[in-house]
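Observations on the three-dimensional arrangement
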Amino acid sequence: MRLQMDLEDILTAIAQTSSQHTIILFDSGVMDGSAYTDGNIWQAILDETGWSTIQLRDRRYEAVIHLVTAADGAEEVYVPEKFSAEKAREIDKRLIDAWVGHPSFDLVKNRKKGFNNKIDYCLKKVLSIVGMP
């Protein structure tokens, strides 16, 4: 978690010193770590770093857009490289639970419209968040 936080902080500092408008997109956030570990271990990590769940979840990111795993609703395109479909759904549920409560949390489910529509939705959502048409 500390390494990811440090990397995020560095990228954010670079963006803040830029003269250009900058949007930073992370493919995961530090709260994701809570989905991959035991609750007691996660609490120990929080205690060691001095962070709370609320701080990490609600204040570190302006918005959270979670794309539901293909293993849930688009099984025909899911490729089980690391996890079975069942395990992927289980982890995805824990990831969603980790972020529920964020003031700008958006869940993008798998619809039969395809992955490109899912990406288009995310792009529109990001542009909306930053105030662009």
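Summarised in this report is the structure supplied together with it. For every chain, the first residue of the written sequence is number 1, and numbering continues from 1 onward in sequence order. This being a predicted model, a pLDDT of at least 70 is required before a residue's local features are given, and a value of 80 or more before pairs of side-chain atoms are given or counted; all residues contribute to the totals for chains, interfaces and linings. Hydrogens and waters are ignored; side-chain quantities use all the structure's heavy atoms.

**Structural notes on the overall build of the protein chain**
What counts here: Secondary structure elements follow DSSP: runs of H or I of four or more residues count as helices, runs of E of two or more count as strands, with numbering from the N terminus. Whether two residues are in contact is decided by their heavy atoms, any of which lying within 4.5 Å being enough.
Helix and strand counts for the protein chain stand at 5 helices and 2 strands. From first element to last, N terminus to C terminus, the protein chain shows the α and β order α-α-α-β-α-β-α. Taken along the three principal axes of its C-alpha coordinates, the protein chain extends 45 × 45 × 25 Å. The long-range share in the protein chain, meaning contacts at least 24 apart out of those at least 6 apart in sequence, stands at 67%.

**Side note on the environment of alanine 15**
Within the fold, alanine 15 resides in helix H1 (residues 2-17). With sequence-adjacent residues up to four places away left out, alanine 15 is seen in contact with Thr22 and Ile24.

**Quick look at the environment of glycine 50**
On the secondary structure map, glycine 50 appears in the loop between helix H2 (39-49) and helix H3 (53-59). Put simply, glycine 50 and threonine 12 are 38 residues apart on the chain and 20 Å apart in space, counted from C-alpha to C-alpha.

**Considerations on the pattern of salt bridges**
Side-chain pairs of opposite charge can arise whenever the charged atoms involved come near each other. Which entries qualify depends on this criterion: Within this document, salt bridges are pairs made up of a side-chain nitrogen of Lys or Arg and a carboxyl oxygen of Asp or Glu, the two lying within 4 Å of each other.
For the structure shown, the criterion picks out 7 salt bridges. The salt bridge partner of aspartate 97 is lysine 93, with a shortest N-O separation of 3.0 Å. Taken together, the residues aspartate 97 and lysine 93, both in helix H4 (residues 85-99) and 4 residues apart, mark about one turn of the helix. It is possible to trace a salt-bridge network through shared partners that takes in Glu8, Asp9 and Arg60.

**Looking at the pairing of strand S2 (residues 105-108)**
Heads up, the rule is: For each residue, the accessible area found with a 1.4 Å probe, counting protein chains only, is set against the maximum for its type, and the residue is called buried under 20%, exposed over 50%, and partly exposed in between. Strand pairing is assigned whenever DSSP detects at least two bridges linking the two strands. Throughout, right-handed denotes a crossover for which the path from the first strand over the helix to the second runs clockwise when the strands point away from the viewer.
The side-chain alternation of S2 yields one buried face, formed by Asp106 and Val108, and one unburied face, formed by Phe105 and Leu107. Bridge count between strand S1 (residues 64-67) and S2: 4 bridges; the pairing is parallel. Each residue of the ladder has a partner; that of leucine 67, found in S2, is valine 108. In this fold, S1 hands off to H4, which returns the chain to S2; that crossover is right-handed.

**Comments concerning helix H5 (residues 115-129)**
We count it as follows: Here a helix's expected span is defined as the number of its residues, less one, multiplied by 1.5 Å. Each C-beta atom gives one direction from the helix axis, and the arc is the one those directions make.
For H5, built from 15 residues, the straight-helix expectation of 21 Å at 1.5 Å per residue is met to within 8% by its first-to-last C-alpha distance of 21 Å. Residues Lys118, Cys122 and Val126 constitute the buried set of H5. The arc that holds every buried residue of H5, seen down its axis, measures 75°, which confines them to one face. Turned more than 90 degrees off the buried face of H5, the exposed positions are Asn116 and Lys124. The inward-facing, buried residues of H5 abut S1 and S2.

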